[in-house]
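Close look at the chain arrangement
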Amino acid sequence: MRAVVAERHGGPDVLTETERPDPRPGPGDLLVRLTAAGVNYKDVYEREGRAALRAPFVPGSEGAGTVVATGADVAGFRPGDRVAWCAAPASYAELVAVPARAAVRVPDGISDSDAAAAMLQGLTAHYLTTSTYRAAEGETALVHSAAGGLGQHLVRLLVRRGARVIGTVSTPGKTAAAEAAGAHHVIVRGAADDLTRQVLDRTDGRGVDVVYDGIGKDTFEAGLAALRPRGMFVLVGAASGPVPPLDPQSLAPRGSLFLTRPTLVDHATDPAELADRAADVFGWLREGVLKTTIGGRYGFDRAARAHADLQSGTTTGKLLLQPGH
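Residues numbered from 1 in each chain as written. Predicted model: local features only at pLDDT ≥ 70, side-chain atom pairs only at ≥ 80, totals over all residues. Heavy atoms only, no water.

1. Digging into the packing of helix α1 (residues 41–48) against helix α8 (residues 303–312)
Between α1 and α8, the least distance of the axes is 10 Å, while the angle of their chain directions is 110°. Comparing the axis directions of α1 and α8 gives the class roughly perpendicular. Where α1 crosses over α8, the handedness of that crossing is left-handed. Counting all contacts with α1, which are made through Tyr41, Asp43, Val44, Arg47 and Glu48, the residues of α8 involved are His307, Leu310 and Gln311. Across the contact of α1 with α8, the residue classes break down as three nonpolar, two polar and three charged. (Axes fitted to C-alpha atoms, helices over the stretch in contact; angles between N-to-C directions. Helix = DSSP H or I, 4+ residues; strand = E, 2+ residues; numbered from the N terminus. Parallel < 35°, antiparallel > 145°, perpendicular 65-115°, else oblique. Left-handed = near helix turned anticlockwise from the far one by under 90°. Contact = heavy atoms within 4.5 Å. Nonpolar A, V, L, I, M, F, W, Y, C, P; charged D, E, K, R; others polar.)

Rendered as structure tokens:
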């Protein structure tokens, strides 16, 4: 089979398309022929060596495709089923061994591409807005990278709950995408102190009730300063690098703030919980509550370009790798 391999840790150029042995499904596994794999910052961290993976390895953990075989002790799935997942190692490959407990069936009316694009970001937006912080009608949220795949989902779900959303984008060209998702105000990020001022200006000096920050180092301090007293800061990523060390005691004089760093792993480990969240996400896609925006489709031979584009900050929506594209 063809697969994308990181020959060593480093920049995007370490990714190459090559021939690999076909995987075999172990007990509890599905063998899936991939239609599309999602490209995520988690994959970038693996490629750069920030995760405990020895090179060479096949990156990726998210995708969708068709089951071609099942291992022992698998119930509820059979060959021919369309499935999607967001926690199966080595997903940048034509054939992927997917743990059955990490897979969900893709319903009719949802394409494999949309399922692959929605799994990680859709499920993340689900738990962030239902479990981490359940915004109430009339509250205000600050969503960074509001034109990205996760950002657009967050904006749509928050607006659906009656919240007012201030979105940020990295360039003026992304403003329209954030507005189309429903953001009430869009700020093009500049200096940290200017960002705080602009958020406070749009809340009459009160600050926002919750911040969703997937950028990290470059926006962390500005986001904390833009929160109302007893507001919630939700750190969901570190696209610009890790946030600086923080003394928890410093949250008290800032207004008794709350700070959390949740992950999807702890919100979808149980197969029943995963299935329930996925059912909501797929339902929202069918109803038009959520929309997938495919920002780019790349063949395996262009995986390096996909990673470079993701890290450039110039893309909107979700990037997908597709065999033979």
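2. What to know about the side chain of Lys174
Take Lys174: it is sitting in the loop between β9 (164–169) and α4 (175–181). Buried and unpaired, Lys174 has Asp309 as its nearest opposite-charge partner, separated by 11 Å. Looking at Lys174, its side chain comes within polar contact range of the side chain of Ser170, at 3.4 Å. Among the polar contacts listed, one links the side chain of Lys174 to the backbone oxygen of Thr315, at a separation of 3.0 Å. For Lys174, the contacting residues outside a window of four places in its chain are Ala147, Val169, Gly313, Thr314, Thr315 and Thr316. (Buried < 20%, exposed > 50% of the residue type's maximum accessible area, 1.4 Å probe, protein only. Lys, Arg positive; Asp, Glu negative; His and termini not counted. Salt bridge = Lys/Arg side-chain N within 4 Å of Asp/Glu carboxyl O. Polar contact = N/O pair within 3.5 Å; in protein donor to acceptor, adjacent residues only side chain to side chain.)

3. Description of the packing of aromatic side chains
What the rule picks out here adds up to two aromatic pairs. Seen in terms of ring centroids, Tyr41 and Tyr45 are 6.3 Å apart; in terms of plane orientation they differ by 40°. Their pairing is tilted. One end of the pair is Tyr41 and the other is Tyr45, both in helix α1 and four residues apart, which spans about a single turn. (Phe/Tyr/Trp six-rings, centres within 6.5 Å; stacked < 30°, edge-to-face > 60°.)

4. Things to note about the pattern of salt bridges
Under the definition given, this model contains 16 salt bridges. Of the charged contacts, one joins Arg50 and Glu48 as a salt bridge, the two residues approaching to 2.9 Å between their closest N and O atoms. For Arg50, a relative accessible area of 47% gives the class partly exposed. Its salt-bridge partner being Asp112, residue Arg82 comes within 2.7 Å of it at the nearest N-O pair. Of this pair, Arg82 sits in strand β5 (residues 82–85) while Asp112 sits in helix α2 (residues 112–132), placing them 30 residues apart in sequence. For Asp112, a relative accessible area of 11% puts it in the buried group. Ionic contacts of the salt-bridge type, sharing partners, join the residues Arg2, Glu17 and Glu19 into one network.

5. Focus: empty space enclosed by the protein
Per the stated rule, a full pass over the model turns up one cavity of 30 Å³ or more. The calculated volume of the largest cavity comes to roughly 50 Å³. As for the largest cavity, its lining consists of Ala117, Gln121, Gly148, Gly149, Gln152, His153, Lys291, Thr292, Thr293, Gly317 and Lys318. Residue assignment for the lining of the largest cavity shows that the elements contributing at least two residues are α2 and α3 (149–160). The element best represented in the lining of the largest cavity is α3, accounting for three residues. Residue classes in the lining of the largest cavity are distributed as one nonpolar, eight polar and two charged. (1 Å grid on protein atoms, 1.4 Å probe; cavity = no way out; pocket = protein on both sides within 12 Å on 5 of 7 lines; lining within 4 Å. Points joined across faces, edges and corners; volume = space filled by probe spheres on them.)

6. Quick word on the nonpolar core
Counting residues in each nonpolar core, the largest one holds 51 residues, and the members touching the most others are Leu123, Val143, Leu158, Tyr212 and Phe282. Elements supplying a minimum of two residues to this core: α2, β8 (140–143), α3, β9, α4, β11 (208–213), β12 (227–235) and α7 (271–287). The element that contributes the greatest number of residues to this core is α2, accounting for ten residues. Setting aside residues no more than four positions away along its own chain, Phe282 makes contact with Val104, Arg105, Val106, Pro107, Ile110, Ala115 and Met119. In this structure, Leu30, Leu31, Tyr298 and Phe300 belong to the second largest nonpolar core, which totals 36 residues. (Core = buried A, V, L, I, M, F, W, Y, C linked by side-chain atoms within 4.5 Å.)

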